[in-house]
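Chains, contacts and geometry: an overview
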Amino acid sequence: MPNDTLNGIPRVDPRGSSARWKRVVASIAATKRGTAIHRAIAARLDAPIMRATRGHLNSAFGGLPIVVLISTGARSGQPRETPLTYFTDGDDVILVASNYGGARHPAWYHNLMAHPECELRIGKRGGRFVAREASGADRDRLYALAIELYPGYANYAAQTDGVRTIRVLRLTPAG
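Here's what I pulled together on the structure shown here. Here the structure is a predicted model, which is why all the values come from computation and not from measurement. (Residues numbered from 1 in each chain as written. Predicted model: local features only at pLDDT ≥ 70, side-chain atom pairs only at ≥ 80, totals over all residues. Heavy atoms only, no water.)

All right, on to the overall build of the protein then. Looking only at helices and strands, one finds 5 helices and 8 strands in the protein. Reading the protein from its N end, one meets helices and strands in the order β-β-α-α-β-β-β-α-β-β-α-α-β. Looking at the protein as a whole, 43% of its 175 residues qualify as buried. Considering only contacts in the protein between residues 6 or more positions apart, those separated by 24 or more positions represent 69%. A total accessible area of about 9300 Å² is found for the protein, and carbon and sulfur atoms account for 54% of it. (Helix = DSSP H or I, 4+ residues; strand = E, 2+ residues; numbered from the N terminus. Buried < 20%, exposed > 50% of the residue type's maximum accessible area, 1.4 Å probe, protein only. Contact = heavy atoms within 4.5 Å. Areas by Shrake-Rupley, 256 points an atom, 1.4 Å probe, with all protein chains shown as cover.)

This is how it looks when you write it as structure tokens:
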């Protein structure tokens, strides 16, 4: 089916019913301990694991959809690989700049603001995209959808309340 991917990235409906085991994985990842383990260990391993397995395996064991963002460093100009949870909305891939609920935006967000042209990859599949920030009611609607996909985003919003607004980005397939 030609409409099941966006530039090679599978569409993901955050409202779609998922298997019980996937909900369990997402719930565990949303705990403080799960978040700490993911941040310290799993996130660093996802890009090489996904490359080695051609996108068939990641640290969430398929419980959450993971894509590798290849952006250009805002200051260095060097390519940067960042595995991220994603979903799709219409013909865009959606990324949430939660930084695990930290006080600062993640580096990849700054990279995309400086250089919106990027790539998304799952193994060998993927392609070029252009990022733009969602705002207003669109941002709020997308963030609510993100929470449906991964309940940890609600925790991150609570942690950043009064500190910063977690950004949501739309990535549109390039040309």
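Let us look at unusual backbone geometry. A positive phi angle is found at Asn99, which is not glycine, with a value near 50°. Here Asn99 lies in the loop between strand S5 (92-97) and helix H3 (107-114). At Tyr100, a residue that is not glycine, the phi angle is positive and equals roughly 55°. Along the polypeptide, Tyr100 turns up in the loop between S5 and H3.

Before going further, it helps to examine the sheet that holds strand S7 (residues 125-133). Taking strand neighbours around the barrel as the criterion, the 6 strands line up as S3-S4-S5-S8-S7-S6 in a closed arrangement whose pairing is antiparallel. Direction aside, neighbouring strands of the sheet carry axes that sit 45° apart on average. Note: strand S6 (residues 117-122) against S7, 6 bridges, orientation antiparallel. Of the residues in S7, the one forming a bridge with Leu120 is Gly127. The strands touched by helix H4 (residues 136-149) are strand S4 (79-89), S5 and strand S8 (167-173); relative to S4, the strand with the most contacts, the crossing angle is about 95°. (Pairing = 2+ DSSP bridges. Axes fitted to C-alpha atoms, helices over the stretch in contact; angles between N-to-C directions.)

Once that is clear, we can look at the packing of aromatic side chains. Under the counting rule described, the total for this entry stands at 5 aromatic pairs. Geometrically, the ring pair formed by Tyr150 and Tyr153 is edge-to-face, given 5.2 Å between the ring centres and 90° between the ring planes. Each member of the pair, Tyr150 as well as Tyr153, carries the same accessibility label: buried. Judged by centre distance (6.0 Å) and plane angle (80°), the rings of Tyr153 and Tyr156 are edge-to-face. In this pair, Tyr153 and Tyr156 are both assigned in helix H5 (residues 152-160), 3 residues apart and thus about one turn of the helix distant. When sorted by exposure, Tyr153 lands in the same class as Tyr156, which is buried. Counting every residue linked through ring pairs, the aromatic cluster contains Tyr100, Tyr143, Tyr150, Tyr153 and Tyr156. (Phe/Tyr/Trp six-rings, centres within 6.5 Å; stacked < 30°, edge-to-face > 60°.)

Moving on, we come to H3. All buried positions along H3 are accounted for by Trp108, Tyr109, Asn111 and Leu112. Along H3, the residues classed as buried sweep out an arc of 160° about the axis, all on the same side. At its buried positions, H3 is contacted by strand S3 (66-72), S4, S5, S6, S7 and S8. (Arc of directions from axis to C-beta.)

Between its first and last C-alpha atoms H4 spans 20 Å; for 14 residues at 1.5 Å apiece the expected length is 20 Å, and the two agree. Turning to H4, its buried residues are Arg139, Leu142, Tyr143, Leu145, Ala146 and Leu149. The arc enclosing the buried residues of H4, seen along the axis, measures out at 160°, which places them on a common side. (Expected span 1.5 Å × (residues − 1).)

By the secondary structure assignment, Thr88 is in strand S4. Judged by relative accessible area, Thr88 falls into the buried class, the value being 9%. For Thr88, the residues in contact, after removing those within four places along its chain, are Leu6, Pro10, Arg11, Val12, Pro14, Val93 and Ile94.

Treat this as a map of the structure, not an account of what it does.
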